[in-house]
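# Reading the structure
This is what each chain is made of:
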Amino acid sequence: MKEVINPQLQAWARDYVWRVGSKVGPLSSSRRRKLLVVHLDGVPKAHLDEAVRTGRMPFLSRLVTSGTYALDGAFWGSPASTPFFQAGFLYGLRHPNLPAYTWFDRELGRRVQMNTPTDTIAVESRLGCRPGSSLLSGGGHTYFSLFQAEANNRLCMSSLASYKVMVRGFKYEMEGILAARTQTPFSYIRSLGRDAWSSFTEIYRWARALRDWRHESGFLMSRVLLQRLGWSFAHTKALVDMVRGVPSVYLVYGNYDEVAHRRGPRSEQAMAELRRVDAYLAELYAVAQAVEPGYDLVFLTDHGHVDSHPIEQRGGRQRLEDILLRGAPLPLSEDIARALLDGRPHPVDAPHAPQEPVVIESGNFSHVYLTREREPLEATQLVARHPEVLARAMGHPDIAIVALRRGDSAVAIIGGGVYGPDEIDSAPLDAEFSRRAVADFLRELPHMPTAGDLVLYGQAVSKGGTVGFAWEFGSHGGLTRTETNSVICWPTSLPVDLSGLSHVTQLHDRLSEVYRDGARPLVRPEDSPEDSEERWAEAT
């Protein structure tokens, strides 16, 4: 502890624990290991590597360079989006059927968006998770996650769907807040007002320069209410939870992700959020060490962010829907049709009622629904009914990958060829794309019936940048190396090895063994049999 935080912060943490502990009672007296996971939403691994190397995030840099923590890359699976990650991390679901943050839901028959509480609770209710399977089962708390995941508190997106639930939980959520405040009300209001004015002036200059105000009013509300008020509240509650002994806490820091979408992942505003969160992480670590028993503090990211170049700025302000559905007629190549049919006879389309297509612009990728039926279209149906849409998509210079189902599997059209998941290594992909992620997505697509009939990915146009289909300047969910290379950072003293993770469900399983399921023998890949007998997860 002395190696990474200074004596003043240590003294503050001891005083804080005493002050809060004298005002609020414990929620748990268990001596088992306790866990705090801080989720840094959307932060690219390259940013954190650079912050450690240069000291731009001083606390994180000391934590890693001192050897107190290990920092490793991780691949969580595809798609590289928060709903997919949280379903796997919290519930251990390998195939949650969550194709993006926004999509057209075939079961509900409408567009869903995961920042809409009623949509989130509908999605969570059908995940089909067994009681007790969540990482937060048994008294855990969550802050700013999408799913409640059996947490005892109600500060997640799905719980906001019910006004009655919010009212019933208000007293519980407010316990300890007054005792735990680190600023006087006057100084906090003054600071909030200064941040609000700074945000307003920046947003005004940005929108005026672009002559486009889309999303800017919502971004202002997010900056003030969520990124300042909301995060301050959640951070304080996590500190209080550690004093009270909550067995597991999941805290999502979404400020960087929000700013990166609107201003770009390498913008000054986005980088300022990393510097800001570093001080918060230091406070969390100091309190985690000061309470008894202490907390194991784990940091992670769910995906990275790339610069997004909106397609509207590249093609005469045409949106993707116009390009696909109202573009010039193009014939589908016979070679492509033959590869998609894969030896099956050329289809004769059966009569069907025409349906209005839905194009969901999900950042630098898009789900295209050419039918609203519950079952997605497969390659033979697409060749028979929508050859011109296929031809426009594969022929457009700003579209790098067209993914679709073929029989019981899936394929991608790349550079005029058709490739299955085992053939991606030979595809003419730009070096920005992760071949591992492309192959993984093709294997996952048959497990996502609610994904589009076509899934399109924007072309790489710069180092760390792709074409985007939505009006935003930072995107994720695509298949580039930057987006799919995530981070896990954990104490080297932890009784479980978190290196070499190749799917988010592995992280769920390894943490569950220590913090939920009780003591288990720990076997690391490099251990000899006699070494493994001496290592046990200290869960009691």
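Residues numbered from 1 in each chain as written. Predicted model: local features only at pLDDT ≥ 70, side-chain atom pairs only at ≥ 80, totals over all residues. Heavy atoms only, no water.

## Here we look at the packing of aromatic side chains
Applying the stated criterion across every chain yields a total of 13 aromatic pairs. Considering the side-chain rings of W12 and Y16, the 5.0 Å spacing of their centres and the 35° angle between planes classify their relative orientation as tilted. Taken together, the positions of W12 and Y16, both in helix α1 (residues 7-21) and four residues apart, correspond to about one turn of that helix. Given the relative accessible area of 0%, Y16 is considered buried. One aromatic cluster in this structure is built from F59, Y69, Y285 and F299. A cation over an aromatic ring shows up here: R214 above the ring of W471, its NZ or CZ 4.4 Å from the ring centre. (Phe/Tyr/Trp six-rings, centres within 6.5 Å; stacked < 30°, edge-to-face > 60°. Helix = DSSP H or I, 4+ residues; strand = E, 2+ residues; numbered from the N terminus. Buried < 20%, exposed > 50% of the residue type's maximum accessible area, 1.4 Å probe, protein only. Lys NZ or Arg CZ within 6 Å of the ring centre and 35° of its normal.)

## Points about the pairing of strand β7 (residues 248-253)
Consecutive side chains along a regular strand alternate between the two faces of the sheet. Within β7, six of the six residues are buried, which leaves the element mostly enclosed by the surrounding structure. Every second residue of β7 is oriented toward a common face, with S248, Y250 and V252 on one face and V249, L251 and Y253 on the other, all of them buried. Pairing of strand β1 (residues 34-40) with β7 involves six bridges; the strand directions are parallel. The partner of H39 across the bridge, within β7, is V252. Alignment of strand β5 (residues 141-145) against β7, held across three bridges, turns out to be parallel. When the sheet's bridge partners are listed, H141 is paired in β7 with V249. (Pairing = 2+ DSSP bridges.)

## Structural notes on unusual backbone geometry
With an omega of 10°, the peptide bond between S78 and P79 qualifies as cis. Position of P79 relative to the elements: it lies in the loop between β2 (69-74) and α4 (82-91). Positive phi, close to 55°, is recorded for A149, a residue that is not glycine. Within the element layout of this structure, A149 appears in the loop between β5 and β6 (155-156).

So far we have only geometry, and geometry alone does not tell us how the molecule works.
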